[in-house]
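Observations on chain architecture
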Number of protein chains: 2
Amino acid sequence: MNELRVAVDVVIFRVRQGLLQVLLVKRGLAPFEGRWAFPGGFVLKDESLDAAALRELREETGVGDVYLEQLYTFGEPRRDPRGRVISVSYFALFSGGEPEAKAGSDAAEVEWAAAYKPPLLAFDHRAILDYALQRLRWKLEWTTVGFKLLPKKFTLTELQKVYEAILGRQLDKRNFRRKVALLGVVEPLDEHRQEGIQRPARLHSFSARKFERLKDRGLLFPF
Amino acid sequence: MNELRVAVDVVIFRVRQGLLQVLLVKRGLAPFEGRWAFPGGFVLKDESLDAAALRELREETGVGDVYLEQLYTFGEPRRDPRGRVISVSYFALFSGGEPEAKAGSDAAEVEWAAAYKPPLLAFDHRAILDYALQRLRWKLEWTTVGFKLLPKKFTLTELQKVYEAILGRQLDKRNFRRKVALLGVVEPLDEHRQEGIQRPARLHSFSARKFERLKDRGLLFPF
DNA sequence: TAGTATAGTGTTTATAATACACTTTGTCAA
DNA sequence: TTGACAAAGTGTATTATAAACACTATACTA
């Protein structure tokens with residue numbers, strides 16, 4: 001066994017019922033047995049960091065097909081009681097497509113927890129969560145990652161709820177819709193969806209075509 | 001020797017004569033002997049990543065007292081021909097204070113190169129440089145890191161030259177000064193400095209006091 | 001066919017960004 | 001001493017973007 005090991009930890013978010021959630025796994029082994037932690041594990045010898053993150057996410061939770069990007073590398077000498085472990089953390093977004101996350105191969109307990117009110121976490125995972133939340137808020141306002149938290153077809157109200165859940169404040173419906181339209185990255189479809197007893201909402205899809213131009217001049221999504 | 005090692009590499013920038021420069025070290029050993037690379041080296045057993053970055057910077061270049069932040073972790077299995085080496089890269093800014101960077105303890109050749117026209121680099125260091133440049137441009141526009149590239153006392157023209165060197169375009173003097181003043185983070189001093197034969201320029205200093213308020217609402221430095 | 005609950009839509013005002021040119025001032029040389 | 005030099009320093013008008021704000025439309029249900 002090496003004296004210095006490298007692990008990956010994945011912070012994956014979704015929005016459900018207007019609430020921002022994060023996926024946690026209950027630890028079955030010491031240290032921190034019984035506490036919640038992010039899905040993760042050691043990097044294999046011939047595996048890239050991205051591949052390791054994706055593999056761990058699949059193995060422990062059954063979640064695939066997500067947006068994934070590297071977050072930060074946590075390397076304090078005593079962050080893991082078992083010895084020197086450097087953790088490359090990842091940031092992921094679950095599109096809310098149908099396949100629900102569930103216990104993976106090692107049958108650990110898996111749960112979507114309220115990201116802004118998480119339970120007590122193992123290791124330095126609370127610091128990792130805070131950093132991921134910061135990154136999420138930032139990316140939401142300045143890029144189009146918001147769409148990664150929705151299925152291919154969505155209503156504008158659903159999109160607005162994603163923004164509100166993450167930013168933690170209400171947005172004005174008219175201003176929101178005007179800016180989305182101005183950005184030119186959503187296309188209205190000829191389909192509608194009925195949620196309650198009231199008027200059905202038009203479905204939309206994301207189209208990055210026009211966005212390419214915009215990326216040059218900085219980025220944008222100023223809500 | 002472990003099969004998996006962790007290194008740090010530091011990309012440190014400065015601005016001289018209106019030119020953005022990056023610090024490079026000429027490799028004295030294989031692999032990539034004779035090529036230029038960033039200062040860096042392996043992380044010690046009981047050392048945090050930040051500490052390792054700072055130590056390597058000092059050892060190889062004599063540069064201390066810099067702004068330092070983690071950039072990205074590069075971990076492709078074959079990025080280093082010697083075996084599996086994961087590199088945690090760092091991003092640093094040199095304030096242009098007087099102590100010139102020079103060869104450090106191991107007497108390697110050290111040089112400030114044009115950041116936008118670097119020589120051929122070792123390993124995947126060109127990719128790291130591109131990423132660091134992106135981060136630098138972004139931070140310059142949205143935070144106050146620009147001031148980290150200047151000594152405590154500076155003229156507004158010097159500050160503007162820092163922005164122009166990094167953004168790669170000319171800025172309007174009046175608009176630039178208005179925005180700096182509006183941000184409220186520079187204080188005019190009762191000192192002047194003469195550069196050529198013409199009217200001397202007033203010196204200014206950076207004051208983060210008022211900036212604290214601003215950080216809440218996002219950040220800002222929109223030039 | 002009246003009630004319900006969300007969908008959907010414009011205008012006005014305030015703030016921020018951009019474009020643009022002349023006067024000031026300390027030195028140096030004639 | 002004074003005129004040339006070269007960068008320092010300063011203001012306004014226009015355009016674009018952001019924010020505040022309230023009513024009508026519609027599909028279903030009872």
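Above this text is the structure in question.
Residues numbered from 1 in each chain as written. Chains lettered and ligands numbered in written order. Predicted model: local features only at pLDDT ≥ 70, side-chain atom pairs only at ≥ 80, totals over all residues. Heavy atoms only, no water.

**Here's the deal with the overall build of chain A**
Our working rule: In DSSP terms, a helix is any run of H or I states spanning at least four residues, a strand is any run of E spanning at least two, and both are numbered starting from the N terminus. Only protein chains enter the accessibility calculation, which uses a 1.4 Å probe. A residue is then buried if its area is under 20% of the maximum for its type, exposed if over 50%, and partly exposed in between. The contact criterion used throughout is that any non-hydrogen atoms of two residues lie within 4.5 Å. Here the Shrake-Rupley method, with its probe set to 1.4 Å, supplies the accessible areas, and only the displayed protein chains count as covering residues.
Check the secondary structure of chain A and you find five helices and 10 strands. For chain A, the residues scored as buried account for 52% of the 223 residues in total. Sequence separation of 24 or more characterises 65% of the internal contacts of chain A that already satisfy a separation of 6 or more. With the model as given, the accessible surface of chain A reaches about 11500 Å², and the carbon-plus-sulfur share is 51%.

**Things to note about helix α1 (residues 49-61) of chain A**
All names here are of chain A. Keep this limit in mind: An expected span of 1.5 Å times one less than the residue number is assigned to each helix.
Between its first and last C-alpha, α1 extends 18 Å over 13 residues, near the 18 Å set by a 1.5 Å rise per residue. Considered for burial, the residues of α1 that qualify are Leu49, Ala52, Ala53, Arg55, Glu56, Leu57, Glu60 and Thr61. Once α1 ends, the next one or two residues include Gly62, with phi positive near 75°.

**Some remarks on the protein's contact with DNA strand D**
Formally: Whether a residue is near a molecule or strand depends on its heavy atoms: it is near if one of them lies within 4 Å of it. Whenever two N or O atoms come within 3.5 Å, that pair is a polar contact, provided that in protein one can donate a hydrogen and the other can accept it, and provided that, for residues adjacent in sequence, both atoms are side-chain atoms.
The environment of DNA strand D is made up of 22 residues, and the closest members are Gln194 and Arg199 of chain A together with Lys173, Gln198 and Arg202 of chain B. Here a base nitrogen of DNA strand D and a side-chain polar atom of Asp172 of chain A are 3.2 Å apart. Within the contact set of DNA strand D, a sugar or linking oxygen lies 3.4 Å away from a side-chain nitrogen or oxygen of Gln198 of chain B. If you list the elements that add at least two residues to the surface near DNA strand D, you get α4 (173-183) of chain A together with α4 (173-183) and β10 (201-206) of chain B.

**A few points about unusual backbone geometry**
The phi angle of most residues is negative, glycine excepted, and most peptide bonds adopt the trans form. Residues and elements named next belong to chain A. In the segment running from Ala30 into Pro31, the intervening peptide bond is cis, with an omega of -5°. Note on placement: Pro31 falls in the loop between β2 (19-26) and β3 (36-37). We note that Gln17 has phi near 50°; this positive angle belongs to a residue other than glycine. When you line up the elements, Gln17 lands in the loop between β1 (4-16) and β2. Among the residues examined, Gln17 registers a relative accessible area of 80% and is labelled exposed.

**Side note on the interface of chain A and chain B**
Under the convention used in this document: As used here, buried area is the combined drop in accessible area, with a 1.4 Å probe, of two parts when they are placed together. Salt bridges are defined by distance alone: a side-chain nitrogen of Lys or Arg within 4 Å of a carboxyl oxygen of Asp or Glu. Gly counts as polar in this scheme, as do all residues outside two lists: the nonpolar Ala, Val, Leu, Ile, Met, Phe, Trp, Tyr, Cys and Pro, and the charged Asp, Glu, Lys and Arg.
If you look at the interface, chain A gives 25 residues, while chain B gives 24 residues. With both sides pooled, the region where chain A packs onto chain B buries about 2100 Å², and carbon together with sulfur makes up 56% of that total. Where chain A meets chain B, there are two salt bridges. Across the pair Arg78 of chain B and Asp46 of chain A runs a salt bridge, and its minimum N-O distance is 3.5 Å. Joining chain A to chain B, the criterion identifies nine residue pairs in polar contact (both at pLDDT 80 or more). Elements supplying a minimum of two residues to the side of chain A that touches chain B: β1, β5 (67-74), β6 (84-93) and α2 (125-142) of chain A. The biggest single contributor to the side of chain A that touches chain B is β5 of chain A, with four residues. For the side of chain A that touches chain B, the class distribution of residues is 13 nonpolar, five polar and seven charged.

**Describing the sheet that holds strand β9 (residues 186-193) of chain A**
Within a sheet, each strand pairs with its neighbour through backbone hydrogen bonds, oriented either parallel or antiparallel. All names here are of chain A. Condition: DSSP-based pairing: two strands are paired if at least 2 bridges between them are found. To obtain an axis, a line is fitted to C-alpha atoms, over the contacting stretch when the element is a helix, and the angle between two such axes runs from 0 to 180 degrees between their N-to-C directions.
One open sheet holds the three strands; their spatial order is β8-β10-β9, and the pairing between them is antiparallel. Single-partner strands in this sheet number two, and they are β8 (153-155) and β9. Averaged over all neighbouring strand pairs, the angle between strand axes comes to 45°, with direction disregarded. Helix α3 (residues 156-167) contacts β8, β9 and β10 (201-206) of the sheet and is inclined by roughly 80° relative to β8.

**Some points on the protein's contact with DNA strand C**
The environment of DNA strand C is made up of 22 residues, and the closest members are Lys173, Gln198 and Arg202 of chain A together with Gln194 and Arg199 of chain B. Counting only the atoms of DNA strand C within 4 Å of the protein, the fraction contributed by sugar and phosphate is 44%. Residue Asp172 of chain B places a side-chain N or O atom 3.3 Å away from a base nitrogen belonging to DNA strand C. Between DNA strand C and the protein, one listed contact pairs a base oxygen with a side-chain N or O atom of Arg178 of chain B at 3.3 Å. If you list the elements that add at least two residues to the surface near DNA strand C, you get α4 and β10 of chain A together with α4 of chain B. Partitioning the surface near DNA strand C into residue classes produces six nonpolar, five polar and 11 charged.

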